[in-house]
Amino acid sequence: MTWPFMPRTDATPAGDRVADTPGHVFLLAGSDSREGLSQEEQERLGTGNDAGRRTDTIMLLYVPPTGRAALVSIPRDSYVAIPGHGRNKINAAYAFGGPALLAETVEQNTGLRVDGFAEIGFGGFSGVVDAIGGIEMCPEMAIKDPPSNLDIPAGCQMMDGPTALGYVRMRKVDPQGDLGRAERQRAMIAALAKKAISPMTLLIPPRWFGLNWSLSRGITLGDDVGPGAMLGLANGGVRIALGQGDTLMVPVGDTNAQTNAGSSVLWHKTKSAALFEAMARGESDLTGYA
């Protein structure tokens, strides 16, 4: 319903593409774009007013031909080869060349064909959460992080859009830093998907139409995402929502490697290679590779 109305961007990798693989692999990016946000909205969401766009979130939604889907986080500080730019943190690919270079970087470093791209900014994320009536999350400890406008108690609670945005953005007071943030992001996306297909969303017209309105304005798709790819993306989201999927992270070997880009994350060479090879084969259970 929302697919024809979503904004589009060039996200097709340049040069020789990686060969096609079974199933689908979608590149999901959460950017820190303030585009379309008024000064008042920036203050309410605690986004600051930095210019430009960077990727706070990079994930792969993997949908094998059959079996369990997977949501795989790529740490934004992963130190990788960026085509035409040497080695740097992976989120620099987006800053250098936008979605197309980010997708090319992911393909060249994983050996996986990217079948589609989707991006959501600060305002879009907050709007989607509010459209479905908020989302329940269960932080294990109280969190106070002024830069994210976040001051919440420990335990299960309903979060509105601004609170959910602060919860998935916060990393400075997280003992695991960016890796902890990536874990919260995967949990939030799984909870969002579950709430989006629940009867409380599907059977309440204002909430259903509000969700579609928010999606059509808050998510940007790659130019080459057609109806078939969109169905694959939706299929993966439904599998995650129904518990027929797993959430994991690219195996990490070093979380504080000193590189020419500063403190960076290095993937575990053998374990990350095994994970990507399993995805390239179309395997339906990746938990043994995490």
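In the block above lies the structure referred to throughout.
### What about the side chain of Lys195?
- Tracing the backbone shows Lys195 in helix 5 (residues 178-196).
- Buried within the structure, Lys195 lacks any salt-bridge partner; its nearest side chain of opposite charge belongs to Glu136, at an N-O separation of 8.9 Å.
- Residues contacting Lys195, with those up to four places away along its chain left out, are Ile132, Gly133, Gly134, Ile135, Thr201 and Arg207.

### Re helix 2 (residues 91-110)
- Between its first and last C-alpha, helix 2 extends only 15 Å over 20 residues, short of the 28 Å set by a 1.5 Å rise per residue.
- Within helix 2, the axis deviates most sharply at Gly97, by approximately 135°, and proline Pro99 lies no more than four positions further along.
- Burial analysis of helix 2 places 15 of its 20 residues in the buried class, which makes it a mostly covered element.
- Backbone geometry just after helix 2 places Gly111 at a positive phi near 75°.

### Side note on the packing of helix 4 (residues 161-169) against helix 5
- Put simply, helix 4 and helix 5 touch, their axes get as near as 8 Å, and they point 140° apart. Here helix 5 runs oblique to helix 4, going by the angle between their axes. Of the residues in helix 5, those in contact with Ala164, Tyr167, Val168 and Arg169 of helix 4 are Arg181, Arg184, Gln185 and Met188.
- Residue composition of the contact of helix 4 with helix 5, grouped by class: 4 nonpolar, 1 polar and 3 charged.

### Notes on the nonpolar core
- Core analysis: the biggest nonpolar cluster contains 39 residues, and Phe125, Ile135 and Met188 have the highest contact counts within it.
- Counting residues per element, this core draws most heavily on helix 5, at 5 residues.
- Residues in contact with Phe125, not counting those within four places in the same chain, are Ile120, Ala164, Leu165, Val168, Met188 and Leu192.

Conventions we followed
Residues numbered from 1 in each chain as written. Predicted model: local features only at pLDDT ≥ 70, side-chain atom pairs only at ≥ 80, totals over all residues. Heavy atoms only, no water. Helix = DSSP H or I, 4+ residues; strand = E, 2+ residues; numbered from the N terminus. Buried < 20%, exposed > 50% of the residue type's maximum accessible area, 1.4 Å probe, protein only. Lys, Arg positive; Asp, Glu negative; His and termini not counted. Salt bridge = Lys/Arg side-chain N within 4 Å of Asp/Glu carboxyl O. Contact = heavy atoms within 4.5 Å. Expected span 1.5 Å × (residues − 1). Bend = angle between axes of the 7 residues up to and from the residue. Axes fitted to C-alpha atoms, helices over the stretch in contact; angles between N-to-C directions. Parallel < 35°, antiparallel > 145°, perpendicular 65-115°, else oblique. Nonpolar A, V, L, I, M, F, W, Y, C, P; charged D, E, K, R; others polar. Core = buried A, V, L, I, M, F, W, Y, C linked by side-chain atoms within 4.5 Å.

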